[in-house]
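Structural overview for review
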Amino acid sequence: MTHEHVVVVTTTDSEEAARGLAAAAVEARLGACAQIVGPITSVYRWEGAIETDSEWRVEVKTAGDRSESLVALLTERHTYDVPEVIVTPVTGGHPDYLSWLVDETR
């Protein structure tokens, strides 16, 4: 099922890397807006060990039909072996904002 609007989220290990991913998404018109949140603390299992690290979250708002290309861009430019890249549907919102979101990804 394709949704008209989505938020694509990834995390990375530095504010600089987060800014780079956010800028690349917006410059490529794959995202209308990207927000960087951090630092956050992530706890996860990697190669059998429990890890705790500081990360920065990048949240990119985009049109649903741009999400596949955005996921590819984020994955390609990411420094992690297996980056977190999650697409979440937007089920509502301010109509003018959602229209702007689509316009900016064209």
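Now for a look at the structure at hand. Owing to the predicted nature of the structure, the values given are computational and were not obtained by experimental measurement. Going along each chain's sequence as written, the residues are numbered from 1 onward. Selection of residues for local features in this predicted model requires a pLDDT of at least 70, selection of side-chain atom pairs for listing and counting requires 80 or more, and totals for whole chains, interfaces and linings are taken over all residues. Hydrogens and water molecules were not included; the side-chain quantities draw on all heavy atoms of the structure.

**Re the overall build of the protein chain**
Counted only if it meets this: The helix and strand labels rest on DSSP assignments: H or I over at least four residues marks a helix, E over at least two residues marks a strand, and numbering proceeds from the N terminus. Put simply, the radius of gyration uses C-alpha atoms, and a globule should come to 2.2 Å times the residue count raised to 0.38. Residues are treated as being in contact if the distance between any of their heavy atoms lies within 4.5 Å. Areas reported here follow the Shrake-Rupley algorithm with a probe of radius 1.4 Å; residue values treat only the protein chains shown as occluding.
Tallying secondary structure elements over the protein chain gives three helices and four strands in all. Traced from its N-terminal end to its C-terminal end, the protein chain shows the element sequence β-α-β-β-α-β-α. Over its C-alpha trace the protein chain gives a radius of gyration of 14 Å, about what one expects of a compact globule, namely 13 Å for 106 residues. Put simply, 72% of the contacts in the protein chain that link residues at least 6 apart link residues at least 24 apart. In the form shown here, the protein chain has an accessible surface area of approximately 6400 Å², with 49% of it arising from carbon and sulfur atoms.

**Section: the packing of helix 1 (residues 15-27) against helix 2 (residues 67-77)**
Selection rule: A fitted line through C-alpha atoms serves as each axis, taken over the contacting stretch for helices, and the angle formed by two N-to-C directions is quoted from 0 to 180°. Crossing handedness is defined as follows: a turn of the near helix away from the far one that is anticlockwise and smaller than a right angle gives a left-handed crossing, while the clockwise case is right-handed.
Where helix 1 meets helix 2, the axes come as close as 10 Å, and the angle between the chain directions of the two elements is 145°. The hand of the helix 1/helix 2 crossing is right-handed. Two secondary-structure elements touch here, helix 1 through Leu21, Ala24 and Ala25 and helix 2 through Leu70, Leu73, Leu74 and Arg77.

**Considering unusual backbone geometry**
The omega torsion of the bond from Gly38 to Pro39 falls at 0°, within 30 degrees of zero and hence cis. By the secondary structure assignment, Pro39 is in strand 2 (residues 33-46). Phi angles above zero are rare outside glycine, and Arg29 is one such case at about 60°. Note on placement: Arg29 falls in the loop between helix 1 and strand 2. Backbone geometry at Glu47 places phi at a positive 50°, although glycine is not the residue there. Note on placement: Glu47 falls in the loop between strand 2 and strand 3 (49-63).

**Points about helix 2**
To keep it simple, the criterion reads: Here's how the labels work: a residue is buried when its accessible area is under 20% of the maximum for its type, exposed when over 50%, partly exposed in between, all with a 1.4 Å probe on protein chains only. What the arc describes is the spread of directions from the helix axis to the C-beta atoms.
Listed in full, the buried residues belonging to helix 2 are Ser67, Leu70, Leu73 and Leu74. On an axial view of helix 2, the arc spanned by its buried residues comes to 120°, and they lie on one face. Turned more than 90 degrees away from the buried face of helix 2 sit Glu68 and Glu76, all of them exposed. Considering only its buried residues, helix 2 is in contact with strand 1 (5-12), helix 1, strand 3 and strand 4 (85-89).

**Brief notes about the environment of Ala23**
Mapped onto the secondary structure, Ala23 falls in helix 1. On a C-alpha basis, the gap between Ala23 and Cys33 in space is 9.2 Å, while along the polypeptide they are 10 residues apart.

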